[in-house]
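# Residue-level structural notes
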Amino acid sequence: MSKERFEGSELLHAYVDGELNASEEARVEQWLDTHPEDAKRVREWQKQNQGVQSLYAGKADQEVPSHLISGSHPQIPATTGPLNKSSMLPRIAAAILFLAIGSLGGWFGHDYLNLKHNNIPLRTVDYNALTSPAMEAHWVYTPEVKHPVEVTSDEQTHLAKWLSYRLEAPLTIPDLSNNGYQLMGGRLLPSRTGPAAQFMYESTEGRRVTVYLSRSDTSISTSSAREGEVAFQFQKDGSTRAFYWYEGPLGYAVIGDMEHNELSQIADNIYQQL
Amino acid sequence: MDEFLNQLTQSIPALRRYAYALVRDSSIADDLVQDCLERGLNKRAQWQGDGNLKSWLYRILSNIHLNHYRSNKRNPLAQSSEITENLTMSPQLQNPANQLDRIYLTDLDKAIAELPEEQKQVLLLITLEGLSYREVAEIKQIPSGTVMSRLSRARETLRKNMASSTTASGPSGSTPHIRRIK
């Protein structure tokens, strides 16, 4: 670990977490001898670390429940043989629990959004009409374990036809494999401007992105159509970010819980394909 | 048993510990771990054999946790903590090496539960799982500067919230907490 990596209070954190080599540690200790305020902070953080250990570390010493091992990889007792996905233990109870949590989360997310609206009166019309329901739908459906989508990607052709018919506009389902996300499927949703569509994608590591489409308000679509160019707009709520734009009769929103740059690349990719 | 399953099995205790600290409920934590293990198995083809499987599992678990529990604070199910209830019985707390007082631990437990999930994950990966800043940056796929800032914000929030509770706690040990209703 080079000295340049840490400076100021970072050095103190690094000291507490054992990230420093011996000479750096000695330097920090010298500093602490003459800076009682910093020494106090360091002691507080060390106490926090010790507290975290006292509170939770014992969990790793507990015996692992047998259902965890047999449930997730029943093939372990056998020393050979390929993995068999279908032998996964059904997880109905867990699914019900997650369903409950998912819908609660959605409900509370909904409340939270309303609260925000009250606090911040200066929301533009297009935010309310597109990003707000798109984010709500993202929060409601991405936590789903059992039913994240209504129609799975196995029926991709049908999905595109069906949603095109309902939204009265030809839809292309974007391919995000270049960004590391695979289509899970999609669903039909209600919106203020009629039927809306949500497509969900998942990375190999379980991160989920949704793409939301709804018919845009006529006022917005005509103005953007006249200009003949599309402007990406950005919205952030907590760790959830959205890029959205209008093109033709539709408004598009790409929602994800990720860094700005990564989501921006996905939005670009989608725009290229439409 | 092949190397993948071997490493996977060995990672379970640490994953349970991490999941438990994130959600503070044994059964929810085990569901989280099971979901993580199943995903790990399903995607084993994508695992690069030379990579560290445990880091990869930490990453999957962190993502699942964010997906499922993003609305944690607004979710009353997640508010109950077994730790607070079990504090009096925990043998570790009677160990003189861990003589942090009970009120402090109860408050710390609550303060950690109230941290934003992203900060909580970084804090726990470092202080509980003992991972280096570099490993956490890899697991979370964020720059090391972001690891530092999340860690320092988490600690600062804990310190502030703890300061108000430690000064207020009398000998009775029962500090009334004002619950904010949104």
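Numbers given to residues run from 1 along each chain, matching the order in which its sequence is written. Working convention: letters from A go to chains and numbers from 1 go to ligands, in the order in which they are written. Restriction of local features to residues with pLDDT of at least 70 applies here, the model being predicted, together with a cutoff of 80 or more for giving and counting side-chain atom pairs; totals for whole chains, interfaces and linings are based on all residues.

Okay, the overall build of chain B next. A tally of regular secondary structure across chain B gives nine helices and zero strands. C-beta atoms are placed from the backbone for every residue, and two residues are taken to be in contact when these atoms lie within 7 Å. Excluding contacts between residues fewer than 6 apart, the proportion of contacts in chain B whose partners are at least 24 apart in sequence is 65%. Only runs of H or I of at least four residues qualify as helices and only runs of E of at least two qualify as strands under DSSP, and these elements are numbered from the N terminus.

This brings us to the pairing of strand β7 (residues 250-256) of chain A. Residue and element names in this part refer to chain A. Across the seven residues that make up β7, a large majority, seven, are buried. Going residue by residue along β7, you find Leu250, Tyr252, Val254 and Gly256 tucked away on one face and Gly251, Ala253 and Ile255 tucked away on the opposite face as well. Strands qualify as paired when DSSP identifies two bridges or more between them. With seven bridges connecting them, strand β4 (residues 208-215) and β7 associate as antiparallel partners. The residue bridging Arg215 from the neighbouring strand is Leu250, located in β7. Pairing geometry for strand β6 (residues 240-247) and β7, over seven bridges, is antiparallel. When the bridges of β7 are listed, Tyr244 appears paired with Ala253. Once β6 ends, the chain turns through two residues before running back antiparallel as β7, passing Gly248 with a positive phi of about 60°. A residue is called partly exposed when the number of other C-beta atoms within 10 Å of its own lies between 12 and 20, exposed at 12 or fewer, and buried at 20 or more, with C-beta atoms placed from the backbone.

Residue and element names in this part refer to chain B. The angle between two axes is taken between their N-to-C directions and runs from 0 to 180 degrees, where each axis is a line fitted to C-alpha atoms and a helix contributes only its stretch in contact. Contact geometry of helix α1 (residues 3-23) with helix α2 (residues 26-42) gives a least axis separation of 8 Å together with a crossing angle of 135°. Classified by the angle their axes make, α1 and α2 are oblique. Along this stretch, α1 crosses α2, giving a crossing that reads as right-handed. Where α1 abuts α2, its residues Leu8, Ile12, Leu15, Arg16, Ala19, Tyr20 and Val23 lie against Ser26, Ile28, Ala29, Asp30, Leu32, Val33, Cys36, Leu37 and Gly40. Comment on the angle field: the value is read as roughly parallel under 35 degrees, roughly antiparallel over 145, roughly perpendicular from 65 to 115, and oblique elsewhere. In this scheme, a crossing is called left-handed if the near helix is turned counterclockwise away from the far one by less than a right angle; it is called right-handed if the turn is clockwise.

Residue and element names in this part refer to chain A. For strand β3 (residues 196-203), a buried count of seven out of eight residues is recorded, marking the element as mostly surrounded by other parts of the structure. Across eight bridges, strand β2 (residues 181-189) lies against β3 in antiparallel orientation. Bridge pairing links Gly185 to Met200 in β3. Looking at chain direction, β3 and β4 are connected through seven bridges and run antiparallel. The partner of Glu202 across the bridge, within β4, is Arg208. The antiparallel hairpin formed by β3 and β4 contains four residues in its connecting segment, where Gly206 sits at a positive phi of about 90°.

Residue and element names in this part refer to chain A. Confidence per residue, as judged by the predictor, is encoded in pLDDT with a range of 0 to 100. When pLDDT is averaged along chain A, the result is 76; 71% of the residues meet or exceed 70. This model gives residues 74-127 a pLDDT under 50, and the stretch forms 57 contacts once residues within four places in sequence are excluded. Every residue in residues 220-228 is under pLDDT 50, and counting partners more than four places away or in other chains gives nine contacts.

All names here are of chain A. The seven strands lie next to each other as β1-β2-β3-β4-β7-β6-β5, forming an open sheet whose pairing is antiparallel. With one partner strand each, in any of the chains shown, β1 (151-152) and β5 (233-237) form the two edges of the open sheet. Seen against the sheet, helix α9 (residues 260-273) touches β4, β6 and β7 and runs at an angle of roughly 145° to β7.

With that out of the way, let us pick up the packing of helix α7 (residues 117-127) of chain B against helix α8 (residues 133-140) of chain B. Residue and element names in this part refer to chain B. Where α7 contacts α8, the axes come no closer than 10 Å and their chain directions differ by 140°. In terms of orientation, α7 lies oblique with respect to α8. α8 is crossed by α7, and the crossing has right-handed handedness. Of the residues in α8, those in contact with Gln121, Val122, Leu125 and Ile126 of α7 are Val136, Ile139 and Lys140. Classification used: nonpolar for Ala, Val, Leu, Ile, Met, Phe, Trp, Tyr, Cys and Pro, charged for Asp, Glu, Lys and Arg, polar for all others including Gly. Here the contact of α7 with α8 is built from residues that sort into five nonpolar, one polar and one charged.

Moving on, we come to the nonpolar core. Linking buried Ala, Val, Leu, Ile, Met, Phe, Trp, Tyr and Cys residues through C-beta atoms within 7 Å yields a set, and such a set is a nonpolar core. If you look at the biggest cluster of nonpolar residues, it comprises 47 residues, and the most contacted ones within it are Leu15, Tyr18, Ala19, Leu32, Cys36 and Leu61 of chain B. Mapped by element, the contributors of at least two residues to this core are α3 (36-56) of chain A together with α1, α2, α3 (53-69), α6 (102-113), α7, α8 and α9 (144-168) of chain B. When residues in this core are grouped by element, the largest group, ten residues, is from α1 of chain B. With sequence-adjacent residues up to four places away left out, Leu15 of chain B is seen in contact with Val33, Cys36, Leu57 and Leu61 of chain B. By size, the runner-up hydrophobic cluster in this structure holds 40 residues, among which are Ala129, Tyr201, Val211 and Phe243 of chain A.

Although it is not a glycine, Glu168 of chain A sits at a positive phi angle of roughly 55°. With respect to the secondary-structure elements, Glu168 of chain A resides in the loop between α7 (156-167) and β2. On the basis of neighbour count, Glu168 of chain A is assigned to the exposed category, with 11 C-beta atoms found within 10 Å. At Gln141 of chain B, a residue that is not glycine, the phi angle is positive and equals roughly 55°. Tracing the chain through its elements places Gln141 of chain B in the loop between α8 and α9. For Gln141 of chain B, a count of 15 C-beta atoms within 10 Å corresponds to the partly exposed category.

The subject of this paragraph is α3 of chain A. Each turn of an α-helix holds 3.6 residues, which means side chains three or four residues apart point in the same direction. Taking 1.5 Å per residue as the helical rise, α3 of chain A with its 21 residues ought to reach 30 Å, and the 30 Å between its terminal C-alpha atoms agrees with that figure. Taken together, the buried positions of α3 of chain A are occupied by Val42, Trp45, Gln48, Gly51, Val52, Ser54, Leu55 and Tyr56 of chain A. For a helix, the expected span equals 1.5 Å multiplied by the number of residues minus one.

All names here are of chain B. Turning to α8, its buried residues number three or more, namely Tyr133, Val136 and Ile139. The buried residues of α8 occupy one face: seen down the axis, they fall within an arc of 120°. One or two steps after α8, the chain reaches Gln141, where phi turns positive at roughly 55°. Picture the helix axis, draw a direction to every C-beta atom, and the arc is the one those directions span.

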